Amino acid sequence: MASTIIMVVVLLALASSGALASDPSPLQDFCVADKASPVLVNGLVCKNPMNVTAEDFFFCGLNEPGNTDNKQGSNVTAVNVMQIPGLNTLGISLARIDFAPYGLNPPHTHPRATEILTVIEGTLHVGFVTSNPQNRLIFKVLNAGDVFVFPQGLIHFQFNPDVHADAVAIAGLSSQNPGLITIANAVFGSDPKIDGGVLAKAFQVDKGVIDYLQKQFWMDNSN
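Overview of the structure. (Residues numbered from 1 in each chain as written. Predicted model: local features only at pLDDT ≥ 70, side-chain atom pairs only at ≥ 80, totals over all residues. Heavy atoms only, no water.)

Moving on, we come to the side chain of Asn221. Relative to the helices and strands, Asn221 resides in the segment after α4 (207–214). For Asn221, the residues in contact, after removing those within four places along its chain, are Ser74, Asn75, Val76, Leu104, Asn105 and Pro106. (Helix = DSSP H or I, 4+ residues; strand = E, 2+ residues; numbered from the N terminus. Contact = heavy atoms within 4.5 Å.)

This brings us to the pairing of strand β1 (residues 74–79). A regular strand places its side chains so that they alternate between the two faces of the sheet. Summarising burial for β1: 6 of the 6 residues are buried, a large majority. The alternating pattern of β1 places Ser74, Val76 and Ala78 on one face and Asn75, Thr77 and Val79 on the opposite face, and all of these are buried. With 6 bridges connecting them, β1 and strand β2 (residues 93–99) associate as antiparallel partners. Each residue of the ladder has a partner; that of Asn75, found in β2, is Asp98. (Buried < 20%, exposed > 50% of the residue type's maximum accessible area, 1.4 Å probe, protein only. Pairing = 2+ DSSP bridges.)

Relative to strand β8 (residues 156–159), strand β3 (residues 104–109) is paired through 3 bridges, and the arrangement is antiparallel. When the sheet's bridge partners are listed, Leu104 is paired in β8 with Phe159. Taken together, the 2 bridges between β3 and strand β10 (residues 181–182) define a ladder with antiparallel strand orientation. In the strand pairing of β10, His108 is matched with Thr182.

What follows is about helix α3 (residues 196–203). Regarding α3, the residues found buried are Gly196, Leu199 and Ala200. Buried residues in α3, looked at end-on, bunch into an arc of 105°, giving them a common side. Opposite the buried face of α3, by more than 90 degrees, sit the exposed residues Lys201 and Ala202. Buried residues along α3 sit against α2 (183–188) and α4. Put simply, Asp195 is the residue that caps the front of α3, since its side-chain oxygen is 2.9 Å from the backbone nitrogen of Gly197. Following α3 by one or two positions, Gln204 adopts a phi angle in the positive range, close to 55°. (Arc of directions from axis to C-beta. Polar contact = N/O pair within 3.5 Å; in protein donor to acceptor, adjacent residues only side chain to side chain.)

Time to look at the packing of aromatic side chains. We describe a pair of aromatic rings using the distance from one ring centre to the other and the angle between the two ring planes. Per the counting criterion, the structure on display carries 5 aromatic pairs. Ring plane angle 75° and centroid distance 4.8 Å describe the contact between Tyr102 and Phe159, whose orientation is recorded as edge-to-face. On the criterion of sequence distance, the pair formed by Tyr102 in the loop between β2 and β3 and Phe159 in strand β8 is long-range, its members being 57 residues apart. Classification of Phe159 by relative accessible area gives buried; the value is 18%. Seen from their ring centres, Phe188 and Phe203 are 5.6 Å apart, and the 35° between their planes marks the pair as tilted. Taken together, the residues Phe188 in helix α2 and Phe203 in helix α3 connect sequence positions 15 residues apart. Phe188 sits in the buried class, given a relative accessible area of 9%. In this structure Phe203 comes out as partly exposed when scored by relative accessible area, which is 43%. (Phe/Tyr/Trp six-rings, centres within 6.5 Å; stacked < 30°, edge-to-face > 60°.)

Next comes the structure, spelled out in structure tokens:
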């Protein structure tokens, strides 16, 4: 009897942890975000459903290429709850990623979402790194029509190895607001800056290398 009770408790705990790991579940047909509300909740406050229109569930322009004229040679056009208020509580979003020849979407993480990426045109070299202590790189070369998954929270990247042709991909994410942490930006472009001695010791390099990196402009390729 005791073992049965323990098993039930364990199963309930596992079910609860799974539920807490995703975006809030909707308790009504929809909860269109009221971005003008000053109230802070986990997600966004619902707009009065009587004031909801089709525009709250609509986004236009994902067919337009993003501007890849930057140091990374890439551009991410995000379509999350900030672009489509109707995504609030629905637990999904997407993005278009454009790559110039030899363009890179640099190593980054999404703290709140798993990502599934489909290559629309061109070729991409993609990969993610497992957590400590293995830090194993799992990578693949993708062509048009190929699909690859990046697990939630793990560092990953996408790179266009073709020096002559552009590439385009569409990514689906399991959160209305996946979040984005670009590793180089966070480490070397923080405000205020992380102490150079800390980073020199962490990366096992001379502090002059850290000083140089912290003086660079760490751009954001998202819009």
